[in-house]
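# Geometric and topological summary
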Amino acid sequence: MQTMNTYSFAGKKALVRVDLNVPQDANGIVTDDTRARAIVPTVQKILKDGGSAILMSHLGRPKGKVNPAMSLKPVAEHLSDLLGVPVQFATDCVGPDATAKAAALKPGEVLVLENLRFHPEEEAGDEAFSRSLSELGDVFVNDAFGTAHRAHASTTVIAKFFPDDKLFGSLMQAEIDSVGKVLGNPQRPMTAIVGGSKVSSKIDVLRNLIGTCDELIIGGGMANTFVKAQGGQTGASLVEDDLLDTARTIIHEAAQKGVKLHIPTDAVVADAFAENANTDHCAADAVPDGWMALDIGPKSIGGFQAAIHRSRTLLWNGPMGVFEMKPFQLGTIAIAEAVAEATDKGAFSLVGGGDSVAAVNQFGLASRISYVSTGGGAMLEYLEGKVLPGIAAIQDRASSN
Ligand code: AMP
């Protein structure tokens, strides 16, 4: 398989699926350009080789209709600043303007196509639309990990038109390599830390991780369901009563596979789901009526930290408490710091899938994590052990025939 290191883009027009779905203010000014910055290495490598880059992306949810408020034009202008080269813009992603501008593109030049999702065919994975897109370039590069779990025209179907010239961009490769270090053949002990609000959204993640990890830490709102499943009193805490059996099954499977399971032993409790609620501290299985567990307590933090410090590989998905509210963020901060410290000592750490990424950024610890994933939903599905269509389309030679 070709990679960004082996492939020469000299004289080639590279059609690159990127994620330029950046937040903007009412005037179209980009307010957070993390995603735009993340694709710069891929574009620069293409240009350095003597190729040209045609970038295609979605922005927002225009639902298959042209919506000027979701135009990629302001993002293209911002990208020009990041790349330090002029960036051309096609007013549609297919059709005469895109075709003419792509045909005239010279080595070293960059063209951004208008929002793919202005066409309903994009999300439908329409073959004719995919073919039209494919005709703009000589080689297909997928650097949009955030949409890798979607079988859309530009992320998946298009790959079949480039049987010998399709590859992952640098960002996508880094995501794949990081998951490989955690789920492939991790250095042991490997500890997974899973938190967040609900068991229901993480059942498949937990099940898949039990097959790989040595220790599994469960925190956040979802831990309450595990506490109750073991007979604990959870008061008014968030509990999914319909998943008590599922929690028991997970506890049983972990025991069978020799995975050391850590469930909170104490909690910070509150008499309301609010920043200014009255708070107290109690055993996780003795939450008084009317009170709710909104963070893990100091004993749990100590136990979790010890497990993190003895690990060589760490995966973290989901906060330990309601970290958006100050009184309930200590558990998440302590776990984030422990992961950073273990990483300083040589462990490999991957933080991925939504709110835990927000947490490490908020607490200024992202630079001390080995890899912070850019793809929320895509990372979650990857951790569930699912085959992501955008990844399979590049790897799968059979699908290209
Ligand atoms: P998720 O999107 O499933 O990763 O969940 C993230 C959300 O879980 C965050 O908004 C947290 O505020 C919330 N959360 C974490 N711990 C608790 C808890 N003990 N009770 C209720 N919500 C929680």
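As the structure is a prediction and not an experimental result, all values here were calculated from the model.

## A short note on a positive patch on the surface
Positive charge collects at one region of the surface, where R61, K63, K65 and R150 lie side by side. Considering the arrangement of structural elements, one finds K63 in the loop between β2 (52-56) and α3 (73-83). Exposure remark for K63: the relative accessible area of 68% places this residue in the exposed category.

## A word on the pairing of strand β13 (residues 313-317)
In terms of residue burial, β13 counts as a mostly covered element, since 5 of its 5 residues are buried. Neither face of β13 is left uncovered, since the one carrying T313, L315 and N317 and the one carrying L314 and W316 both have all their residues buried. Here β13 pairs with strand β14 (residues 348-351) via 4 bridges, running parallel. Looking at the pairing, L315 lines up with L350 of β14. Where the polypeptide runs from β13 across helix α12 (residues 330-344) and back to β14, its parallel neighbour, the crossover connection is right-handed.

## Some thoughts on the site of the ligand
Of all residues adjacent to the ligand, which total 15 residues, the nearest are S197, G221, A293, E324 and D355. Between the ligand and S197 there is a distance of 2.9 Å, counted from an oxygen atom to a backbone nitrogen or oxygen. Within the contact set of the ligand, an oxygen atom lies 3.2 Å away from a side-chain nitrogen or oxygen of K202. When the ligand sits alone it has 510 Å² of accessible area, and the protein chains cover 82% of it. The residue inventory of the shell around the ligand, partitioned by class, reads 6 nonpolar, 6 polar and 3 charged.

## Some words on the packing of aromatic side chains
Each aromatic ring pair is summarised here by two numbers: the centre-to-centre distance and the angle between the ring planes. This structure, assessed with the given rule, holds 4 aromatic pairs. Note on F140 and F162: the rings are 6.1 Å apart at their centroids and 25 degrees apart in plane angle, and the pair reads as stacked. Linking F140 in strand β5 (residues 139-142) with F162 in the loop between β5 and β6 (166-168), this pair joins segments that are 22 residues apart in sequence. Overall, the relative accessible area of 0% leaves F140 in the buried class. Overall, the relative accessible area of 5% leaves F162 in the buried class. Between F145 and Y382 the ring centres are 6.1 Å apart and the planes differ by 45 degrees, which places this aromatic pair in the tilted class. Taken together, the positions of F145 in the loop between β5 and β6 and Y382 in helix α14 (residues 376-383) put the pair 237 residues apart, joining distant regions of the chain.

## Topic: the nonpolar core
Formed by 69 residues in total, the largest nonpolar core has its most connected members in L113, F145, L216, F226 and I391. Among the elements that make up this core, the one with the highest residue count is helix α7 (residues 170-184) (6 residues). Residue-level mapping places this core at the junction of two domains, with at least three residues from each of domain 1 (13-168) and domain 2 (177-383). In this structure, L216 is in contact with A192, V194, L206, I210, V259, K260, L261 and H262, ignoring residues within four places of it in sequence. Within the second largest apolar cluster, 30 residues are counted, among which are L20, A36, I39 and V87.

## Focus: the pattern of salt bridges
Under the defined criterion, the tally for this structure stands at 16 salt bridges. Between E127 and K160 there is a salt bridge, with its nearest N and O atoms 3.1 Å apart. Taken together, the residues E127 in helix α6 (residues 127-134) and K160 in the loop between β5 and β6 connect sequence positions 33 residues apart. Looking at E127, the relative accessible area reads 40%, which means it is partly exposed. Given the relative accessible area of 30%, K160 is considered partly exposed.

Rules used in this analysis
- The residue numbers shown here count from 1 along each chain, following its written sequence.
- Where local features are concerned, this predicted model is filtered to residues with pLDDT of at least 70; where side-chain atom pairs are given and counted, the filter is 80 or more; whole-chain, interface and lining totals use all residues.
- To get the side-chain values, take all heavy atoms of the structure and skip hydrogens and water.
- Any residue with relative accessible area above 30% and no salt bridge may belong to a patch, with like charges joined within 9 Å and the nonpolar Val, Leu, Ile, Met, Phe, Trp and Tyr side chains within 5 Å.
- Where accessible areas are quoted, they stem from the Shrake-Rupley method and a 1.4 Å probe; at the residue level, only the protein chains shown are allowed to cover.
- Put simply, a salt bridge is a Lys or Arg side-chain nitrogen that is within 4 Å of an Asp or Glu carboxyl oxygen.
- Positive charges are assigned to Lys and Arg, negative charges to Asp and Glu, while His and the chain termini are left out of the count.
- Positions of charges follow a simple convention, taking NZ of Lys, CZ of Arg, CG of Asp or CD of Glu.
- Comment: elements are numbered from the N terminus, with helices defined as DSSP H or I runs of at least four residues and strands as E runs of at least two.
- Accessibility here uses a 1.4 Å probe with only protein chains present; expressed as a share of the type maximum, an area under 20% marks a residue as buried, one over 50% as exposed, and anything in between as partly exposed.
- Following DSSP output, two strands are said to pair if at least two bridges run between them.
- With its strands directed away from the observer, a crossover is right-handed exactly when the path from the first strand over the helix to the second travels clockwise.
- Here a residue counts as near a molecule or strand whenever at least one of its heavy atoms sits within 4 Å of it.
- Polar contacts, as used here, are pairs of N or O atoms within 3.5 Å; protein pairs need one atom able to donate a hydrogen and one able to accept it. Residues neighboring in sequence count only if both atoms are side-chain atoms.
- Charged means Asp, Glu, Lys or Arg here, nonpolar means Ala, Val, Leu, Ile, Met, Phe, Trp, Tyr, Cys or Pro, and polar covers whatever is left, Gly included.
- Any two of the Phe, Tyr and Trp rings considered here, Trp counted by its six-membered ring, make a pair once their centres fall within 6.5 Å; the pair's planes then place it as stacked at under 30 degrees, edge-to-face at over 60, or tilted in between.
- Put simply, buried Ala, Val, Leu, Ile, Met, Phe, Trp, Tyr and Cys residues joined by side-chain atoms within 4.5 Å make one nonpolar core.
- Domain extents, as shown, originate in an automatic or database domain assignment.
- Contact criterion: two residues are considered in contact whenever any of their non-hydrogen atoms come within 4.5 Å of each other.

Shape descriptors only; they carry no functional weight alone.
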